[in-house]
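# Fold and geometry: a report
The lines below spell out each chain.
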Amino acid sequence: MDHAASPRIDRTAALLLLALAALWGSTFLFAEIALRALSPMQVTLHRVALALPALWLVLRWRGLALPRSARVWGAYLVMGGLNNAIPFTLIFWGQTHIESGLAAILNASTGVLGAVVAGLLLRDERLSWHKLAGAALGLCGVAVVIGPERLTTLDPRNLGQGAVLLAALSYSLASVWAKLRLAGQPPLVNAFGMLAGSTALLLPLVIWREGLPSLDYPAEVWGALLALSLLATALAFILYFAILARAGAANLMLVTLLIPPFAILLGALFLGERLSPGVYLGLAVIALGLLVTDGRLTARLRRQPKRRSKGSTQVP
C-alpha cells in the first residue's frame, strides 16, 4: 500500500476519531453498569435491538433502501453473529471477571489479529513481514497484559481475558466475511443489516435461556443501555463511516490505539479501577504492534536515511 498517497487526517477527521474513540471507549463503562442487573447476553441484545430504530431513521433520512436479496440477508445474519452477537457477549462476560480498562486493552489486539486473519484468508491481503512482526509484538503485549504468572494457570480471571481475545478473533473473521460477501452494499445499510441479523439471532436465544426481558430496570441501567445502543453503536457507526470516507481505512485503524486510554480513564473515574504497571507496558507493546502492522512506521523509517542524505547535517 502506498501510504504517501493515502488520505490524510485533517482537523475534522482527527476530532471525529477522538469522538469515535470516546464512544467506543465508554462502551466498557456502560456495560459494567448494565451488567449489575442483566446477563452479558441480555446486555448484548439490548445494545443491538435498541440501536436498530435509530439507524433505520438515518437510512430513511438519507434515502437508502434495504436489500431484498435473501442471499444478502443471509450474509447479514452471519455478520451479525461474528461482529455483534458473539464478540459483544464474550466481552461483556469477560467484564464480569476483569476490569473494564483491561478488557479494552485486550480488545485492542483486534487490529493486529485482523491483519493476520485477512492475510491468511484473503488473496488480495498479502501477509507481509511487517504484519507478521506486528502480530508477534501484539502477542507479546497480550502476554505482558495477562502476566507471566497467569499464563500457566486457569482461573475465572484468565477465562475472562480469554473471552475478550476470542471476541477479537470474531471481529477479525467478521472483517473477512464483510469483504467477501457485503462489499457491494452501502456501508450504513450493512450496519443496519448486521444489527438486524444479530437481533434475530439473540432474541430467541435469550428468551430460551433466560425468559422474556422484564424491562423493569433501575434508571442507571436504562441510561447505560441507551448510551450503549444509541451512542456507542448507532452514532458510532455513523462516525465510523464518516471517518472512513474522509480519512481512509488505514487512518481509521488509529482509533484502535485511542480506545483503551478512554476506557481506562472512565474506569478509573467512575468505577475506581486501578490497573498494574505491567498492564500499561503490555498496552504499549500492543500499540507498537499495531503501528508496525499498519506499515507506515516501517515505511517512514526506511525513508528517513534518504532524507538525511540530502544535505542535512546530523550531530552524532
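Residues numbered from 1 in each chain as written. Predicted model: local features only at pLDDT ≥ 70, side-chain atom pairs only at ≥ 80, totals over all residues. Heavy atoms only, no water.

## Some words on empty space enclosed by the protein
- Evaluated as defined, the whole model comprises 1 cavity of 30 Å³ or more.
- By volume, the largest cavity amounts to about 30 Å³.
- What lines the largest cavity is Ala108, Thr256, Leu257, Pro260, Leu283, Ile286, Ala287 and Leu290.
- Listed by contribution, the elements that provide at least two residues to the lining of the largest cavity are α10 (255–271) and α11 (277–294).
- Grouping the amino acids of the lining of the largest cavity by side-chain chemistry returns 7 nonpolar, 1 polar and no charged. (1 Å grid on protein atoms, 1.4 Å probe; cavity = no way out; pocket = protein on both sides within 12 Å on 5 of 7 lines; lining within 4 Å. Points joined across faces, edges and corners; volume = space filled by probe spheres on them. Helix = DSSP H or I, 4+ residues; strand = E, 2+ residues; numbered from the N terminus. Nonpolar A, V, L, I, M, F, W, Y, C, P; charged D, E, K, R; others polar.)

## Topic: the environment of Leu265
- Here Leu265 lies in helix α10.
- Each C-alpha atom, one on Leu265 and one on Ser26, is 9.4 Å from the other, the two residues being 239 residues apart in sequence.

## Digging into the nonpolar core
- Counting 83 residues, the largest nonpolar core has Leu20, Val43, Leu55, Ile105 and Leu106 as its most contacted members.
- What Leu55 contacts, discounting residues up to four positions off in sequence, is Leu188, Ala191, Phe192, Leu195, Ala234, Phe237 and Ile238. (Core = buried A, V, L, I, M, F, W, Y, C linked by side-chain atoms within 4.5 Å. Buried < 20%, exposed > 50% of the residue type's maximum accessible area, 1.4 Å probe, protein only. Contact = heavy atoms within 4.5 Å.)

## Focus on helix α1 (residues 11–34)
- For α1, which comprises 24 residues, the first-to-last C-alpha distance of 34 Å matches the rise-based estimate of 34 Å (1.5 Å per residue) to within 8%.
- Within α1, the axis deviates most sharply at Thr27, by approximately 30°.
- Structurally, the start of α1 carries an N-cap: the backbone nitrogen of Thr12 is 3.3 Å from a side-chain oxygen of Asp10. (Expected span 1.5 Å × (residues − 1). Bend = angle between axes of the 7 residues up to and from the residue. Polar contact = N/O pair within 3.5 Å; in protein donor to acceptor, adjacent residues only side chain to side chain.)

## Observations concerning the environment of Ile33
- Structurally, Ile33 is set in helix α1.
- Residue class for Ile33 comes out buried when judged on its relative accessible area of 17%.
- Excluding residues that lie within four positions of it along the chain, Ile33 makes contacts with Glu220, Val221 and Ala224.

## Here we look at a nonpolar patch on the surface
- A cluster of nonpolar side chains, Leu120, Leu121, Leu166, Leu169 and Leu173, forms an exposed patch at the surface whose accessible area comes to about 450 Å².
- For the nonpolar patch, the elements supplying multiple residues, two or more each, are α5 (110–121) and α7 (156–181).
- With 3 residues, α7 is the largest single contributor of residues to the nonpolar patch.
- Relative to the assigned elements, Leu173 resides in helix α7.
- A relative accessible area of 32% places Leu173 in the partly exposed class. (Patch = residues over 30% accessible without salt bridge, like charges linked within 9 Å, V, L, I, M, F, W, Y side chains within 5 Å. Areas by Shrake-Rupley, 256 points an atom, 1.4 Å probe, with all protein chains shown as cover. Salt bridge = Lys/Arg side-chain N within 4 Å of Asp/Glu carboxyl O.)

## Quick look at the pattern of salt bridges
- Scanning all chains against the criterion turns up 6 salt bridges.
- We note a salt bridge from Asp10 to Arg246, for which the minimum N-O separation is 3.0 Å. With Asp10 in the segment before α1 and Arg246 in helix α9 (residues 219–252), this pair connects stretches of sequence that are 236 residues apart.
- The exposure class of Arg246 is partly exposed, given its relative accessible area of 41%.
- Residues Lys179 and Glu125 are paired through a salt bridge, measuring 2.8 Å at the closest nitrogen-oxygen approach. Note that Lys179 is positioned in helix α7 and Glu125 in the loop between α5 and α6 (129–146), a separation of 54 residues in sequence.

## Thoughts on the side chain of Ser109
- Checked against the element boundaries, Ser109 lands in the loop between α4 (100–107) and α5.
- Judged by relative accessible area, Ser109 falls into the buried class, the value being 8%.

Function cannot be inferred from these measures alone, as they are strictly geometric.
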